[in-house]
Amino acid sequence: MPKYKAAGMTRRELYEHQQRRRSLIIAGISTICVVVTIIFLVPLAPGWEKVQKSFFNGAVLTKTFPKLLDAFRVNIMIFAWSAPAIAILGLMIALARDAKSPALFPLRIFGAAFTDIFRGVPVILTVYLIGFGIPGLGLPRPWNSPFIWGSLALILTYSAYVAEIFRAGIDSVHPSQRSAALSLGLSERQVMKDVILPQAIRNVVPSQMNMLIALQKDVSLLSFIGPVEIFRQAGVYKSLFANFTPYVGAAIIFLIVTIPATRYADYLMARQMRERR
Amino acid sequence: MLKLELRNVVKRFGENTVCNGISLGVEQGQMVCLIGASGAGKSTVLRCINLLEPIEDGEIFLDEEDISIPGLNPQNVRSKIGMVFQNFNLFPHMTAFENAILAPKRIRGLSKVDLNAEIEMLFERFELTERMHNYPDQLSGGQQQRVAIVRALAMKPEVMLFDEITSALDPQLVGEVLDVLLQLKAQGMTMVLATHEMQFARQAADKICFLKDGKVVEEGTAKEIFNTPKQAETKAFLERALK
Ligand SMILES: Nc1ncnc2c1ncn2[C@@H]1O[C@H](COP(=O)(O)OP(=O)(O)OP(=O)(O)O)[C@@H](O)[C@H]1O
Ligand SMILES: [Mg+2]
């Protein structure tokens, strides 16, 4: 009896099984080679010892890591209230820009100006201008909080990008869907709300996931106007210990959040590509 | 009295005159078939009747009422005229049942219980009960098209427009959809079809209009058109269409 019959496989399955095993072995060996080279070669660099001490200091890391995690809660907080606001404002801007009725013409202009301005200015500049500018008006507490105005700066900037993605999503719904919905007697508004938007939003979920990841990172920009979030906290420890390891710790914390999120967004993207085909 | 009437309808897309003075009368309960080569303007005529396309000139009457007055709110007209498309155009994010109930729920203002019962009856009438809660991509082409017909019927239209509704179907699925048309005809529905199904038009149509270059070249009963066409163009088209 041939070998593949004994293993309960067809000839082709056996062949593919062997091929897979071979590729796995080759991939494993080459990965080990690369890692080993790095481990042996990098420490040979002349400045390695200094770098190791000031960037990868285990003692500093264990001391600061819990506090950094604590500070990361501030990032999460700012993220948590900004993200829904961005989704809502972004959608409203997108709809305003596609408004057809002449009464809504000012809204269209406003939407266009809004996206042009906030996509055209670096985020950090918007954060500075709004975060320092508005509290500078001498507002009473709590209205002078940098949390509020910093978040607003993020919300405005990100809404501009998110709005453009929603618009692309609306455009991606085939016009025949609109015809079909109109032919049933639905109004333009109902067509948008019941037929176009649900499909448009579903089409742009992966892209919007990427915006969320970018937002999570950009929350750190608020550190420049006051809030002690993780980046600022890491800076404090850097000065305290005269050591850069807290920054590496902060980077690790970001990666713990962003890598799974990025993977998930990529997975959604790939699945969508498959469905389109 | 005509249920539906087109008088000298002109429709242009830019420089391209797609309907060049089309006149057409449809009586209550009649099935009228529009035939003609690709690009003759059949789909455009149907889209104009449903006010999906504004017309440049001429008038369209429903129950002797001009529905083509510029600026008229098209919603009322559209809910009286159902339309079914070549590519089904079901809403992919809704089940068959949700597709059918959406417009009546928004517009007809019935109680939920009454409406649910009514839509369920429709699905039953067209033998789709088992498929009622499937999404469009879980249905065969024939089933999707029948759901699209049910969706249009759910608005209780007085006239139905069908735009080559069997053209996107595998040959073995065409029959089930054409049967639905016969069923509707038997129930007295007024219908206008754009079709390439010559045998079906020959058997079922009360009236046939041959369109060419945005004009009605010839119209008559199926017998007149198929057996004794008067125009040379009609003859030429039918010879090609019937192989
Ligand atoms: N939205 C549009 N914009 C511009 N031109 C159009 C549009 N719709 C249709 N046309 C043009 O109008 C003409 C008639 O098209 P129509 O779809 O009505 O033909 P048809 O008789 O239905 O053809 P078919 O049998 O291929 O469906 C064609 O030349 C087409 O290019
Ligand atoms: Mg057509």
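Up top is the structure.
What this report covers is the structure whose coordinates are included nearby. (Residues numbered from 1 in each chain as written. Chains lettered and ligands numbered in written order. Predicted model: local features only at pLDDT ≥ 70, side-chain atom pairs only at ≥ 80, totals over all residues. Heavy atoms only, no water.)

What to know about the nonpolar core
Residue and element names in this part refer to chain B. Heads up, the condition is: Buried Ala, Val, Leu, Ile, Met, Phe, Trp, Tyr and Cys residues that are joined via side-chain atoms within 4.5 Å together make up what is termed a nonpolar core. Categorising residues by exposure relies on relative accessible area from a 1.4 Å probe, with only protein chains included: less than 20% of the type maximum marks a residue as buried, more than 50% marks it as exposed, and the intermediate range marks it as partly exposed. Note on contacts: a residue pair is in contact if any heavy atoms of the two residues lie within 4.5 Å.
Residues Leu-4 and Leu-6 are the most contacted members of the largest nonpolar core, which totals 78 residues. Excluding residues that lie within four positions of it along the chain, Leu-4 makes contacts with Leu-24, Gly-25, Val-26, Ile-49, Ile-60, Phe-61, Leu-62, Val-159 and Val-192. With 51 residues, the next largest nonpolar core counts Leu-122, Met-160, Leu-181 and Ile-225 among its residues.

Brief notes about the site of ligand 1
Residues and elements named next belong to chain B. Stated formally: Proximity is defined per residue: any heavy atom of the residue falling within 4 Å of a molecule or strand makes that residue near it. Polar contacts here mean pairs of N or O atoms no more than 3.5 Å apart (in protein, one a potential hydrogen donor and the other a potential acceptor; neighbouring residues in sequence count only if both atoms are side-chain atoms). Residue-level accessible areas treat just the shown protein chains as cover; the underlying method is Shrake-Rupley with a 1.4 Å probe. Helix and strand definitions follow DSSP, with helices as H or I runs of at least four residues and strands as E runs of at least two, each counted in order from the N terminus. In this classification, the charged set is Asp, Glu, Lys and Arg, the nonpolar set is Ala, Val, Leu, Ile, Met, Phe, Trp, Tyr, Cys and Pro, and all remaining amino acids, among them Gly, are polar.
In the region of ligand 1, 13 residues are neighbours, and Ser-38, Gly-39, Lys-42, Ser-43 and Thr-44 sit closest. A distance of 2.9 Å separates an oxygen atom of ligand 1 from a polar atom in the backbone of Gly-41. Here an oxygen atom of ligand 1 sits 3.3 Å away from a polar atom, N or O, in the side chain of His-196. Taken by itself ligand 1 offers 630 Å² of open surface, and the protein chains cover 59% of this. When residues of the shell around ligand 1 are traced back to their parent elements, those giving at least two are strand 2 (16–27) and helix 1 (42–49). Sorting elements by how many residues they give to the shell around ligand 1 places helix 1 first, with three residues. Grouping the amino acids of the shell around ligand 1 by side-chain chemistry returns four nonpolar, seven polar and two charged.

Points about the interface of chain A and chain B
What counts here: Using a 1.4 Å probe, buried area is obtained as the accessible area two parts lose upon being combined, added over both of them. By definition here, a salt bridge exists when the distance from a side-chain nitrogen of Lys or Arg to a carboxyl oxygen of Asp or Glu is within 4 Å.
In this complex, chain A contributes 18 residues to the contact, which on the side of chain B involves 22 residues. Between chain A and chain B lies a buried interface of about 1,700 Å² when both sides are counted; carbon and sulfur atoms form 59% of it. Among the residues chain A hides against chain B, the three largest losses belong to A:Ser183, A:Leu184 and A:Asp194. Together they make up 34% of the total. Among the salt bridges present, the one from A:Asp194 reaches B:Arg106, with a minimum N-O distance of 2.7 Å.

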